[in-house]
Amino acid sequence: MALRYYSRMRLLHNFLPLLLSSPSPRVVSIFAAGNEGKLYPSDLSLRSHYGLFNNISHVAFMTTFFFEGIVARNPSVSCVHVYPGLVKTAEFQNGLFPNWLKWFFKWIFLPLITPLCVPLQECGERNLFHSTSAKYPSPQRSGEDSATMIAL
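None of the values given here were measured: they were computed from a predicted structure.

The rules behind the values
- Each residue is numbered by its place in its chain's sequence as written, counting from 1.
- Residue-level local features of this predicted model are given only where pLDDT is at least 70; pairs of side-chain atoms are given and counted only at 80 or more, and the full residue set underlies all totals for whole chains, interfaces and linings.
- The side-chain values count all of the structure's non-hydrogen atoms but skip hydrogen atoms and water molecules.
- The helix and strand labels rest on DSSP assignments: H or I over at least four residues marks a helix, E over at least two residues marks a strand, and numbering proceeds from the N terminus.
- Each Phe, Tyr or Trp ring, with Trp reduced to its six-membered ring, pairs with another whose centre is within 6.5 Å; inter-plane angles below 30 degrees give stacked pairs, above 60 give edge-to-face pairs, and intermediate values give tilted ones.
- Relative accessibility thresholds used throughout: buried, under 20% of the residue-type maximum; exposed, over 50%; partly exposed, between the two (1.4 Å probe, protein chains only).
- For two strands to pair, DSSP has to find at least two bridges joining them.
- If you view a crossover with the strands going away from you and the path from the first strand over the helix to the second runs clockwise, you call it right-handed.

### What to know about the environment of serine 24
Assignment of secondary structure puts serine 24 in the loop between helix H1 (2-20) and strand S1 (25-30). Placed 91 residues apart in sequence, serine 24 and proline 115 show a C-alpha to C-alpha distance of 38 Å.

### Brief notes about the packing of aromatic side chains
Within this structure, the stated rule accounts for six aromatic pairs. A centroid spacing of 4.9 Å and a plane angle of 80° characterise the contact between tyrosine 5 and tyrosine 6, whose relative ring orientation is edge-to-face. Accessibility expressed as a relative area gives 45% for tyrosine 6, which makes it partly exposed. Through a chain of ring-to-ring contacts, three or more aromatic side chains come together here, namely Tyr5, Tyr6 and Phe66.

### Looking at the pairing of strand S2 (residues 78-82)
Counting buried positions over the five residues of S2 gives five, a clear majority of the element. Of the two faces of S2, the one holding Ser78, Val80 and Val82 and the one holding Cys79 and His81 are both buried throughout. In this structure, S1 lies alongside S2, joined through five bridges in parallel fashion. Note on S2: the bridge partner recorded for valine 27 is cysteine 79. Viewed along the sheet, the connection from S1 through helix H2 (residues 52-73) into S2 turns out right-handed.

Functional significance is not addressed by these values, which are geometric in nature.
Encoded structure:
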């Protein structure tokens, strides 16, 4: 959660003064929007309900909630939280995973999911669209193009 949520939101918090000085600030978070599962409001830190899927779900919920708070206090800022779909990257080949897991992903898992994956180029194009399109204006500046953007 520290890397998936807290560090990203701290980055946004630290950049907020610069974003507010921009003519049309935008923040794009590329994570798991729309893939939220069960929310444990009394256990947001997941001390009692920790698991990979609960972690992903809570980070997605908390990112959306944080963005809503940022926009409520700063209506000139546009915050977009998107899920790119399954994207086949080299994360498992280059990551610090055990060799047996790298082998499993390369020879068994990736061949099975490749037909379901969004091509890397298309994912980049979609995220560039989210980052620059006037389709996602701030509440205060509806209809203007984005000039300054931070991607989390």
